[in-house]
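# Working through the structure, step by step
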Amino acid sequence: MADSLLLQTKRGLVRSTWKRARKARPQLILSRRPRRRLGTLLRWCGRRRLRRRLLQAQAAGANWREGSCPLSRAAAAQRPKTAAPSPAPSPTPDEDPAEGGSATLPIPPLRPAGPGRALLLLPLEQGFTFSGMCRVTCLYGQVQVFGFTISQGQPSQDVFSTYTHSRLTINAVHYSMPEKSKKEMKREARTLLRPHLNQDDRCWLMKNFSPLCSIVMLENLKTSTVNFIISHPGLSYIFVQESPTFQINSEYFALRSVGIRKEKKKNGLRLTESALSALEELVNVSCEEVDGCPVILVCGSQDVGKSTFNRYLINQLLNSISCVDYLECDLGQTEFTPPGCISLLNITEPILGPPFTHQRTPQKMVYYGKAACKNNYENYIEIIKYVFSSYRRESPLIVNTMGWVTDKGLLLLIDLIRLLSPSHVVQFSSGRSKYMPNLTPDYVDDMDGLYTKSKSKVRNRGFQLAEFAESLEFADEDKESPLMFTGHKLMCVQSDFAFRKTPRNRDSHNRILRDLAVLGYLGQLQPPVPKPLCPLHGLTPYQVPFNAVALRILHADVAPTHILYAVNASWVGLCKILDDVRGYADGPILLAQTPICDCLGFGICRGIDMEKRLYHILTPVPPEELRNVNCLLVGAVSIPQCVLKGQRGLEGTIPYVTTDYNLKLPGASEKVGARETEATYQERLHPKPKFYRKVN
């Protein structure tokens with residue numbers, strides 16, 4: 001009886017409370033928007049209350065993340081009630097993590113250290129993402145930029161973080177700590193900093209010093225190549241973009257004097273777990289040298305991060321070995337040369353920037369002349385065989401391939417795998433890329449390539465598998481090693497690479513990158529800093545007689561009477577052929593077929609003197625190399641328009657720039673006068689019937 005009375009009393013209290021809330025509802029909630037705000041407020045208060053309880057449980061020793069029992073009421077009653085949990089005291093920079101302290105700071109401190117210089121104090125496992133270019137020197141500790149480790153006492157490195165690629169980050173990494181006291185470490189750091197910094201800067205650093213911190217010096221960097229690129233209208237945004245900022249402080253002015261800008265961490269380079277795992281395995285295999293030097297072929301569709309992966313892998317390998325070989329098979333987006341080249345390079349220095357900042361002289365190079373190999377696949381394969389024959393297997397080889405992996409592009413890739421016989425194939429895939437089958441050894445063996453047959457068909461025909469590679473020239477000790485179908489290890493990398501390219505702007509974006517590579521190569525013509533820039537029309541060209549070099553147009557059939565029109569004001573490859581062209585007529589000497597020959601460099605034919613029968617060639621190739629040049633190859637790679645239209649010091653009519661252009665001349669465009677393919681030839685011989693629709 002007493003229990004029923006108590007239950008009725010409780011029900012009455014609940015009903016009365018509910019009635020009062022219902023009566024007050026019209027005055028409190030007038031519309032859906034205030035109701036939504038009240039619900040949001042209640043949810044926020046609930047989250048705050050839950051957070052407070054979790055903090056209290058954590059302070060009492062309960063492991064609430066693993067589902068332990070919550071804090072008991074008795075334990076909670078013993079604690080003083082507060083409106084909010086008091087924040088934990090922030091650790092001082094002098095605390096040692098080994099003693100229970102923490103060396104992490106919320107924001108990496110940065111301090112100006114004179115005009116054009118700044119000091120960066122990086123705690124362990126913290127990074128500084130930036131855009132622009134600067135010279136990085138590690139004064140104390142150890143940092144990593146784009147996979148390359150810079151330690152104290154090592155030479156400074158020039159770093160280029162551009163808006164055309166992912167921003168670079170300076171990360172503080174763990175380094176070995178000798179068994180010394182903190183006082184001794186400070187004394188050692190002060191000794192290392194004394195030649196570089198004044199007393200005030202050293203005192204500031206010692207005040208915030210921690211044994212696990214890394215001290216970095218950032219200096220303003222000026223190069224003639226970059227100055228030449230940004231001197232053209234519209235290209236200065238590549239390195240530094242001005243935008244409104246709301247924090248005008250000493251850090252802002254320090255970074256501005258250096259020539260860089262702080263960026264958000266999300267804009268920096270991010271590698272997936274599969275990419276990091278592949279990098280670690282490839283570095284271990286390359287450093288062990290158990291099975292010889294590995295041949296690593298990287299493939300995948302366009303814009304999945306193949307080139308970024310290659311740069312990071314090269315930098316990681318250079319941390320342990322002295323050099324890395326690199327075979328460039330991508331004609332459109334080359335890494336170390338202007339576009340349209342297949343080259344082999346020996347890399348000994350880190351790559352800390354996009355391709356147009358590190359143009360280098362290859363060990364062997366052939367000028368293909370176009371940014372794609374369509375309609376001329378056989379010549380593409382023959383050139384790769386010719387360049388690959390110079391690889392001596394003394395260091396790991398990284399092979400970069402095209403992003404065309406569908407239809408004939410996939411068959412061509414299978415031919416490359418059989419030809420190069422890589423030990424590892426790194427295949428990139430992305431949710432936004434086109435489907436590509438896994439290139440396992442079994443798949444490659446069972447599939448026909450563009451010029452090679454599957455393993456079963458080769459066995460049925462009864463000839464050796466190495467017949468396809470008979471033309472390769474190897475050293476005597478390498479001839480006995482198997483070349484074909486040796487098997488490889490497939491490493492699938494799932495890419496989450498963020499890029500700005502879309503199917504609509506991909507062509508224009510790639511064209512801009514190709515133009516930047518050409519500008520980076522032409523920047524070698526400029527005098528070193530601090531001398532001012534010199535316009536290209538103010539540089540003295542070389543004079544080459546007509547009968548000293550042979551001519552060949554690679555991408556189109558041009559009538560002999562118009563050959564000099566096609567050569568004038570064009571981008572030319574300076575090549576060396578085996579035939580001796582001297583002793584012929586006054587010229588010009590024309591080649592009937594496209595040769596596969598060494599390309600020693602590039603230049604601009606800025607004029608032709610018909611009276612003296614001379615070519616005027618502007619090139620950064622040294623004179624001792626120019627003595628070997630006896631062939632000029634002209635391809636579809638053109639001089640950037642900004643070079644012709646944006647040169648300083650010109651008045652009046654600009655040379656070679658006109659609106660009166662006749663596209664009907666042979667060689668005036670790729671479509672008019674272009675060499676017809678086999679399919680076009682067959683179609684011309686056997687035309688298909690055309691159906692016409694009657695128009696009223």
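In this text, all values refer to a predicted model and were calculated from it rather than measured experimentally.

In this section: the sheet that holds strand β23 (residues 631-634). Overall, mixed pairing links the seven strands, which are arranged β17-β22-β21-β19-β23-β18-β20 in an open sheet. The sheet is open, and its two borders are formed by β17 (542-545) and β20 (589-590), each paired with just one other strand. Relative to strand β22 (residues 614-618), β17 runs antiparallel, the two being bridged by four bridges. Note on β22: the bridge partner recorded for Val-544 is Tyr-615.

Attention now moves to the environment of Ala-371. Positionally, Ala-371 belongs in the loop between β13 (364-367) and α10 (377-388). When the C-alpha atoms of Ala-371 and Gly-332 are compared, they prove to be 4.2 Å apart, with 39 residues separating the residues in sequence. When neighbours within four sequence positions are excluded, Ala-371 is seen to be in contact with Leu-331, Gly-332 and Arg-514.

Here we take up the environment of Arg-582. For Arg-582, the position within the fold is in the loop between β19 (571-576) and β20. On the accessibility criterion, Arg-582 (53% relative accessible area) is exposed. Separated by 48 residues in the primary sequence, Arg-582 and Asn-630 have C-alpha atoms spaced 8.6 Å apart. Those residues in contact with Arg-582 that lie beyond four places of it in its chain are Asn-547 and Ala-548.

Next up on the list: the packing of helix α4 (residues 182-193) against helix α5 (residues 199-207). Where α4 contacts α5, the axes come no closer than 11 Å and their chain directions differ by 150°. What the angle tells us is that α4 and α5 run roughly antiparallel. The way α4 lies across α5 gives a crossing that is right-handed. Together, Lys-186, Ala-189, Arg-190 and Leu-193 of α4 and Arg-202, Leu-205 and Met-206 of α5 make up the contact between the two elements.

As a further point, take α4. Taking 1.5 Å of rise per residue, 12 residues should cover 16 Å, and α4 covers 16 Å from first to last C-alpha, within 8% of that figure. Check the buried side of α4 and you find it contacts β3 (127-140), α5 and β8 (214-220).

Where burial is concerned, most of β22 is hidden: five out of the five residues are buried. Burial of β22 is two-sided: the residues Leu-614, His-616 and Leu-618 facing one way and the residues Tyr-615 and Ile-617 facing the other way are all buried. Examined bridge by bridge, strand β21 (residues 598-609) and β22 share five bridges and lie antiparallel to one another. In the sheet register, Cys-605 faces β22, and the bridge partner there is Ile-617. Between β21 and β22, which pair antiparallel and follow one another directly, the connecting turn spans four residues, one of which, Arg-613, has a positive phi of 55°.

Turning to helix α8 (residues 273-288), a few remarks are in order. An α-helical turn contains 3.6 residues, so any two residues separated by three or four positions project in the same direction. Along its 16 residues, α8 runs 23 Å from first to last C-alpha, staying within 8% of the 22 Å computed at 1.5 Å per residue. Along α8, the positions that sit buried rather than exposed are Ala-275, Ala-278, Leu-279, Leu-282, Val-283 and Ser-286. The arc that holds the buried residues of α8, viewed along the axis, is 130°, so those residues lie on one side. For α8, the exposed residues lying more than 90 degrees away from the buried face are Glu-273, Glu-280 and Glu-288. In this structure, the buried side of α8 is in contact with β10 (295-299), α9 (306-318), β15 (424-429) and β16 (489-494).

Here we take up the sheet that holds strand β11 (residues 324-328). The mixed open sheet is built from seven strands, whose spatial order is β13-β12-β11-β14-β10-β15-β16. Strands at the two margins of the open sheet, each flanked by one partner only, are β13 and β16. Averaged over neighbouring strand pairs, the angle between their axes works out to 15° when direction is ignored. Looking at chain direction, β11 and strand β14 (residues 397-400) are connected through four bridges and run parallel. In the strand pairing of β14, Tyr-326 is matched with Ile-398. Set on the sheet, α8 makes contact with β10, β15 and β16; between it and β16 the angle comes to about 150°. Across the sheet, α10 is in contact with β11, β12 (341-347), β13 and β14; its angle to β12 comes to roughly 20°.

Evaluation of the coordinates by the stated rule reveals zero disulfides. No disulfide involves Cys-492; its sulfur sits 8.9 Å from that of Cys-299, the nearest cysteine.

Working definition: an aromatic ring pair is given by the centre-to-centre distance plus the angle between the planes. For the structure shown, the criterion picks out 15 aromatic pairs. When the centroid spacing of 6.1 Å and the interplanar angle of 15° are considered together, the rings of Phe-128 and Phe-130 count as stacked. Here the two residues Phe-128 and Phe-130 agree in accessibility, since each one is buried. When the ring of Tyr-140 is compared with that of Tyr-175, the centres are 6.2 Å apart and the planes differ by 85°; the resulting orientation is edge-to-face. Highlighted residues: Tyr-140 in strand β3 and Tyr-175 in the loop between β7 (168-172) and α4, separated in sequence by 35 residues.

This next bit is on the confidence of the model for the protein chain. Overall, the predicted model of the protein chain reaches an average pLDDT of 78, with 72% of residues at or above 70. Counted against residues more than four places away or in other chains, residues 1-11, with its pLDDT under 50, gives zero contacts. Low pLDDT (under 50) marks residues 23-42, which in the prediction has three contacts with non-local residues, meaning those over four places away or in another chain.

Judged by nonpolar contacts, the single largest core of 59 residues is most densely connected at Tyr-367, Leu-522, Leu-536, Trp-571 and Tyr-615. Sorting elements by how many residues they give to this core places helix α14 (residues 506-522) first, with six residues. Among the domains, domain 1 (110-267) and domain 3 (527-683) are the pair contributing at least three residues each to this core. Residues in contact with Tyr-367, not counting those within four places in the same chain, are Pro-339, Gly-340, Cys-341, Leu-554, Trp-571, Gly-573, Cys-599, Phe-602, Leu-633, Gly-635 and Val-637. The next biggest cluster of nonpolar side chains, apart from the first, holds 51 residues, and it includes Ile-170, Val-258, Ile-347 and Leu-352.

Considering all chains together, one arrives at seven salt bridges under this definition. Between Arg-111 and Asp-201 there is a salt bridge, and its shortest N-O distance comes to 2.8 Å. On the criterion of sequence distance, the pair formed by Arg-111 in strand β1 (residues 110-112) and Asp-201 in helix α5 is long-range, its members being 90 residues apart. You can call Arg-111 partly exposed: its relative accessible area is 24%.

Rules used in this analysis
Residues numbered from 1 in each chain as written. Predicted model: local features only at pLDDT ≥ 70, side-chain atom pairs only at ≥ 80, totals over all residues. Heavy atoms only, no water. Pairing = 2+ DSSP bridges. Helix = DSSP H or I, 4+ residues; strand = E, 2+ residues; numbered from the N terminus. Contact = heavy atoms within 4.5 Å. Buried < 20%, exposed > 50% of the residue type's maximum accessible area, 1.4 Å probe, protein only. Axes fitted to C-alpha atoms, helices over the stretch in contact; angles between N-to-C directions. Parallel < 35°, antiparallel > 145°, perpendicular 65-115°, else oblique. Left-handed = near helix turned anticlockwise from the far one by under 90°. Expected span 1.5 Å × (residues − 1). Arc of directions from axis to C-beta. Disulfide = S-S within 2.5 Å. Phe/Tyr/Trp six-rings, centres within 6.5 Å; stacked < 30°, edge-to-face > 60°. pLDDT = per-residue confidence, 0-100. Core = buried A, V, L, I, M, F, W, Y, C linked by side-chain atoms within 4.5 Å. Domains from an automatic or database assignment. Salt bridge = Lys/Arg side-chain N within 4 Å of Asp/Glu carboxyl O.

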